[in-house]
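Now for the letters of each chain:
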Amino acid sequence: LARLVSPLHAHRIMVTNGTATTGWADGDVVMNLHFGTAFSGGGTTVDGFPSYDAPVESALAIWNQVLGRSTFKVVHAASFRPVLGDGKNSISFDTTTPLGAFPADAVAMTFVRLSGTRIVEADVVLNSAKFWNSYRGKLLTTNGGQPLNDIRRIALREFGRVLGLDYPDQDTPPQAVTAQMNYTTTALDTLAQDDVDGAQSLYGAPVTNAR
């Protein structure tokens, strides 16, 4: 498993054994979604999605808009049980992580395997003991006053970790930057420039077609 360490400024890049990762190899990064395409019993999220599958795919699409040499691809309603070390990338709900219980304040954790400097597997686990929905704008709470986690913005952050980024506000000392990659969730519900800069430092910018 990789540990995540910071460079000197702004976005943080994964470092293992003193060497910064070079991210994924060129091409597709396949993410298996384990939510299904509709809620049991029907209904929608606050922002109108028919399942958690849809906002999570939306988060992948947001990252794809800024990536150069690699692209997220989606597998819907994956039927296999996610297991760290199976060579497949997954995002799913669970009560525990591959390494045991969630820390008390953790709503999600990402576990990354490396081969040399390349990322070869990444699993995102969402804490099913927390309250979830999908919505835009300011942070919401439940009727009981508990935080209501927006799955799309949490997925955006964790997919940044899948790409090889980490939390700038967990640096030593903490970095005060506007970023979706910050550990502390805010009203920011899309990527900030710091997030884009971090991703493009690993994957380059998308190629645009000149007229």
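Everything here concerns the structure above.
So, a few notes on the structure that sits alongside this text. These numbers come from a predicted model, not from an experiment. (Residues numbered from 1 in each chain as written. Predicted model: local features only at pLDDT ≥ 70, side-chain atom pairs only at ≥ 80, totals over all residues. Heavy atoms only, no water.)

Some remarks on the overall build of the protein
Operational definition: Numbered from the N terminus, helices here are DSSP runs of H or I no shorter than four residues, and strands are runs of E no shorter than two. Based on C-alpha atoms, the radius of gyration is set beside the globule rule, defined as 2.2 Å times the residue count to the power 0.38. Only protein chains enter the accessibility calculation, which uses a 1.4 Å probe; a residue whose area is less than 20% of its type maximum is buried, one above 50% is exposed, and one in between is partly exposed. Contact definition: two residues touch when any of their heavy atoms are within 4.5 Å. What sets the accessible areas is the Shrake-Rupley method with a 1.4 Å probe; for residues, cover comes only from the shown protein chains. None of His or the chain ends enter the tally, which takes Lys and Arg as positive and Asp and Glu as negative. All charge positions are set by atom: Lys at NZ, Arg at CZ, Asp at CG, Glu at CD.
Tallying secondary structure elements over the protein gives 3 helices and 12 strands in all. The C-alpha atoms of the protein give a radius of gyration of 17 Å, which matches the 17 Å a tight globule of 211 residues would have. Counting only C-alpha atoms, the protein reaches 45 × 45 × 35 Å along its principal axes. Per-residue burial over the protein gives 45% buried out of 211 residues. Across the protein, every contact between residues at least 6 apart in sequence was considered, and the portion connecting residues at least 24 apart equals 65%. For the protein, the exposed surface amounts to about 10,100 Å²; the carbon and sulfur share of it is 53%. Side-chain charges of the protein comprise 16 positive and 19 negative groups, with the mean position of each set lying 1 Å from the other.

Quick look at helix α1 (residues 53-64)
What counts, and what does not: A helix is expected to reach a length of 1.5 Å times the quantity of its residues less one.
In a regular helix each residue adds 1.5 Å, so 12 residues correspond to 16 Å; α1 covers 17 Å between its end C-alpha atoms and thus fits that length. Burial in α1 covers these residues: Asp53, Pro55, Val56, Ala59, Leu60, Ile62 and Trp63.

Considerations on the pairing of strand β7 (residues 108-115)
Quick reminder of the rule: Think of it this way: DSSP has to see at least two bridges between two strands before they count as a pair.
In this structure, β7 lies alongside strand β8 (residues 118-127), joined through 8 bridges in antiparallel fashion. Looking at the pairing, methionine 109 lines up with valine 125 of β8. Where β7 folds back on β8, the antiparallel hairpin that results is connected by 2 residues, among which glycine 116 adopts a positive phi of roughly 65°.

A few points about the pattern of salt bridges
Test applied: The salt bridge definition used is simple: a Lys or Arg side-chain nitrogen within 4 Å of an Asp or Glu carboxyl oxygen.
Within this structure, the stated rule accounts for 10 salt bridges. Residues arginine 12 and aspartate 166 are paired through a salt bridge, measuring 3.3 Å at the closest nitrogen-oxygen approach. Here arginine 12 is found in strand β1 (residues 12-13), whereas its partner aspartate 166 is found in strand β12 (residues 165-166), with 154 residues between them in sequence. Per residue, the accessibility class of arginine 12 equals that of aspartate 166, and both read buried. A salt bridge links aspartate 150 to arginine 153; its shortest N-O distance comes to 2.7 Å. The pair aspartate 150 / arginine 153 is uniform in exposure class, with both members buried.

Considerations on the sheet that holds strand β11 (residues 147-150)
Put simply, the rule is: All axes here are fitted lines through C-alpha atoms, helices being fitted over the stretch that makes contact, and every angle between N-to-C directions spans 0 to 180 degrees.
Strands sit in the order β9-β11-β10 across an open sheet of 3 strands; the sheet is mixed. The strands lining the two open edges of the sheet, one partner per strand, are β9 (131-133) and β10 (140-141). Here β10 runs beside β11; their pairing, made up of 2 bridges, is antiparallel. Looking across to β11, one finds that threonine 141 is bridged to proline 147. Sheet strands touched by helix α2 (residues 151-163): β9 and β11. Its angle to β11, the strand with the most contacts, is close to 60°.

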